[in-house]
Amino acid sequence: RQMCIRDRICIFGGSSSGIKKEHEKLAITLGQIIAENNFDIVFGGGENGIMGAIAKSSITFGAKTIGIIPEHLIKDELINTNFPNQTNTELIITKTMHKRKQLMYSKSDAFLILPGGIGTLDECFEVLTWCQLNIIKNKNVGIINFSGYWDPLIKLIHNIINEQFMKIENLNYFEEIKNIQSLRKFLKSI
């Protein structure tokens, strides 16, 4: 990879921080690691929660960010007002959620799913579906599961396979990332 060209990782994560402080601390650590490994971030554009924490951290450590937000969410999520270095951020406002997701997917070279809610699940499953349908090709998907937050999701996916609603090959479309070492390995594979 040329030094002047940085790959982009799309981050899916909650617009809130959840009940456990460790999730936001993890997001801050991940932002630093991603930036130090010469990646930029594509994210949902909000300053709050998990997605805001990882974006702010990555900017602090030298990454650029592309925030993509639909206009109807601007009122709910403060955007680009408290980021540490606004020259490293680009904000794209879309008309719809569908356009937002389409741009996030097309502008990214890989995907990381952090703790989040139903919106994060929607993005996770849509990316995995697009991988299965070969709409997204050769882009790694990592599910960050340091503290077991996504254990029920991983169990559900295995149940879907056991019930034969999905082929076992679908496990190849994502990697469960349980620690910093496996995250670094994931980043090297992009």
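Presented here is a report on the structure given in the accompanying data block. On a predicted model such as this, the values are computed, not experimentally measured, just so you know. (Residues numbered from 1 in each chain as written. Predicted model: local features only at pLDDT ≥ 70, side-chain atom pairs only at ≥ 80, totals over all residues. Heavy atoms only, no water.)

1. Overview of the packing of aromatic side chains
The following threshold applies: Side-chain rings of Phe, Tyr and Trp (the six-membered ring for Trp) are treated as a pair once their centres are within 6.5 Å; stacked means planes under 30 degrees apart, edge-to-face means over 60, and tilted covers the remaining angles. Secondary structure elements are defined from DSSP: runs of H or I of at least 4 residues count as helices, runs of E of at least 2 residues count as strands, and each element is numbered from the N terminus. A simple rule labels every residue: compare its accessible area, found with a 1.4 Å probe on the protein chains alone, to the largest value its type can have, and call it buried under 20%, exposed over 50%, or partly exposed in between.
Scanning the entire structure with this criterion turns up five aromatic pairs. Taking 6.2 Å as the distance between ring centres and 90 degrees as the angle between the ring planes, the aromatic pair formed by Phe 12 and Tyr 105 counts as edge-to-face. Of this pair, Phe 12 sits in strand E1 (residues 7–12) while Tyr 105 sits in helix H3 (residues 97–106); the two residues are 93 residues apart in sequence, bridging distant segments of the chain. Judged by relative accessible area, Phe 12 falls into the buried class, the value being 0%. Between the aromatic rings of Tyr 105 and Phe 111, the centroid separation amounts to 6.0 Å while the plane-to-plane angle is 80 degrees, which identifies the pairing as edge-to-face. There is no split in this pair, since Tyr 105 and Phe 111 are both buried. Here the aromatic cluster, defined as three or more aromatic residues joined through ring pairs, consists of Phe 12, Tyr 105, Phe 111 and Trp 130.

2. Examining unusual backbone geometry
Phi angles above zero are rare outside glycine, and Asn 38 is one such case at about 65 degrees. Mapped onto the elements, Asn 38 comes out in the loop between helix H1 (21–36) and strand E2 (39–43). Exposure remark for Asn 38: the relative accessible area of 34% places this residue in the partly exposed category. Notably, Asn 134 is not glycine yet its phi reads approximately 65 degrees, a positive angle. Among the structural elements, Asn 134 can be located in the loop between helix H4 (118–132) and strand E6 (140–144). The exposure class assigned to Asn 134 is partly exposed, which follows from its relative accessible area of 47%.

Purely geometric numbers; function is a separate question.
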